[in-house]
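Here is how the chains run, residue by residue.
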Amino acid sequence: MVYLIPTPIGNIDDISVRSLKLLTEIQILFCEDTRVTKKLLNLLSTRNQIKFNIEQFISFHSHNDKKVLSSLHKDIFEKNIAFMSDAGMPCVSDPGASLVKYCQENSIDYEVLPGANAALLAYSSSGMESSKFIFYGFLPHHGMDRKNALNEVINLSYPVIIYEAPYRIAKLASELAEVCPKRRLFAIKEATKKFEKKFYSKTEEFPNFLNSINSKGEWALVLEPKVKD
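Residues numbered from 1 in each chain as written. Predicted model: local features only at pLDDT ≥ 70, side-chain atom pairs only at ≥ 80, totals over all residues. Heavy atoms only, no water.

Right, let's talk about the overall build of the chain for a bit. Of regular secondary structure, the chain possesses 8 helices and 10 strands. Here the C-alpha coordinates of the chain stretch approximately 60 × 40 × 30 Å along the principal axes. Scored against the burial criterion, the 229 residues of the chain give a buried share of 45%. For the chain, the share of sequence-separated contacts (at least 6 apart) that also reach a separation of at least 24 residues comes to 74%. (Helix = DSSP H or I, 4+ residues; strand = E, 2+ residues; numbered from the N terminus. Buried < 20%, exposed > 50% of the residue type's maximum accessible area, 1.4 Å probe, protein only. Contact = heavy atoms within 4.5 Å.)

Residues Leu 176, Phe 206, Trp 219, Leu 221 and Leu 223 are the most contacted members of the largest nonpolar core, which totals 23 residues. Those elements that place two or more of their residues in this core are helix H6 (143–154), strand S7 (160–164), helix H7 (169–179), strand S8 (184–189), helix H8 (206–211) and strand S10 (219–223). Aside from chain neighbours lying at most four places away, what touches Leu 223 is Met 128, Val 153, Ile 154, Pro 159, Val 160, Leu 176, Cys 180, Arg 183, Arg 184, Leu 185 and Thr 203. (Core = buried A, V, L, I, M, F, W, Y, C linked by side-chain atoms within 4.5 Å.)

Across all of its chains, the model carries 10 aromatic pairs by this definition. With a centroid separation of 5.6 Å and 70° between ring planes, the pair formed by Phe 138 and Tyr 163 is classed as edge-to-face. Of this pair, Phe 138 sits in strand S6 (residues 134–138) while Tyr 163 sits in strand S7, and the two are 25 residues apart along the sequence. When its relative accessible area of 36% is taken as the criterion, Phe 138 is described as partly exposed. Take Tyr 163: its relative accessible area is 9%, and that puts it in the buried class. Grouped by ring-pair contacts, the aromatic residues Phe 199, Phe 206, Phe 209 and Trp 219 constitute a single cluster. Lys 38 extends its terminal NZ or CZ atom over the ring of Phe 57, reaching a point 5.0 Å from the ring centre. Of note, Arg 184 hangs over the ring of Tyr 200, and the distance from its end group to the ring centre comes to 4.9 Å. (Phe/Tyr/Trp six-rings, centres within 6.5 Å; stacked < 30°, edge-to-face > 60°. Lys NZ or Arg CZ within 6 Å of the ring centre and 35° of its normal.)

For Arg 168, the position within the fold is in the loop between S7 and H7. Side-chain polar atoms of Arg 168 contact the side chain of His 141, separated by 3.1 Å. Among residues more than four places away in sequence, those in contact with Arg 168 are Phe 138 and His 141. (Polar contact = N/O pair within 3.5 Å; in protein donor to acceptor, adjacent residues only side chain to side chain.)

Overall, parallel pairing links the 5 strands, which are arranged S3-S2-S4-S1-S5 in an open sheet. Two strands lie at the open edges of the sheet, namely strand S3 (56–59) and strand S5 (110–112), each paired on one side alone. For this sheet, the mean angle separating the axes of adjacent strands, direction not counted, is 20°. Where strand S1 (residues 2–4) lies against strand S4 (residues 81–84), 3 bridges are found, and the strand directions are parallel. Residue pairing in the sheet places Leu 4 in a bridge with Phe 83 of S4. On the sheet, helix H2 (residues 34–48) packs against strand S2 (28–31), S3 and S4 and is oriented at approximately 140° with respect to S3. (Pairing = 2+ DSSP bridges. Axes fitted to C-alpha atoms, helices over the stretch in contact; angles between N-to-C directions.)

Moving on, we come to the packing of H6 against H7. At a closest axis distance of 11 Å, the pairing of H6 and H7 adopts a crossing angle of 55°. Classed by the angle they form, the pair H6 and H7 counts as oblique. Like other packed secondary-structure pairs, H6 and H7 cross with a definite hand, here right-handed. Packed against H6, whose contacting residues are Arg 146, Leu 150 and Ile 154, the element H7 presents Lys 171, Leu 172, Glu 175, Leu 176 and Val 179 at the interface. Here the residues of the contact of H6 with H7 are counted per class, giving 5 nonpolar, no polar and 3 charged. (Parallel < 35°, antiparallel > 145°, perpendicular 65-115°, else oblique. Left-handed = near helix turned anticlockwise from the far one by under 90°. Nonpolar A, V, L, I, M, F, W, Y, C, P; charged D, E, K, R; others polar.)

A few words on the sheet that holds S10. Whether parallel or antiparallel, the strands of a sheet pair through hydrogen bonds between backbone atoms. Ordered in space as S6-S7-S10-S8-S9, the 5 strands form an open sheet in which the pairing is mixed. Each of the sheet's edge strands pairs with one partner strand only, and the pair in question is S6 and strand S9 (197–202). Between one strand axis and the next, the sheet turns by 15° as a mean value, whatever way the strands run. Where H7 meets the sheet, its contacts fall on S7, S8 and S10, and the angle it forms with S10 comes to roughly 10°.

Let us look at the side chain of Ser 19. Mapped onto the elements, Ser 19 comes out in helix H1 (residues 17–23). The exposure class of Ser 19 is buried, given its relative accessible area of 1%. Setting aside residues up to four positions removed in sequence, Ser 19 forms contacts with Ile 5, Pro 6 and Leu 113.

If you want it as structure tokens, here you go:
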């Protein structure tokens, strides 16, 4: 059996009781980053006074997933196996989808546990009243790909959720302020953590907001849709 286990996106107490119980039974753990996962497990073990008996940690991320899967022997799936990304839900702007597909193609039982997700948290926090939204994730980093993606985002008919890294958030703020200055924007950084910050106003005001705070940290943004004529 293969389990995909979500991890807290900031506050460690957001791990579920079910996830903790399951982790005590796991023998082999696939991790986006083994160092990050081991640190998290140590904290969970200490805080909850439980012991994990994981026999093997396997690095599994977007740059090596195909190689890892091709090297596996089916006997490995007779053990209890799980995958954990660094933060949030596996397969949502995180590795894991190739493992799900592998299980489907090889008739291996798998289960995805529910858990913390930055996109849904951001949308729920935005106050935008729409029964529909679009999750876009990260924009391309450079050139025409980024320009075309940004153009697509600002012309969508529903609120759109965007992720951005701390070292590119100022660039995105400037771009949004230029192409749609009067559009409403909700942005949250370091969600569920001690230094969480929220912004809700027009995009033209977002650059100044960033200049007034420490903008380091992962960001999730919800952009108001284009008003239909």
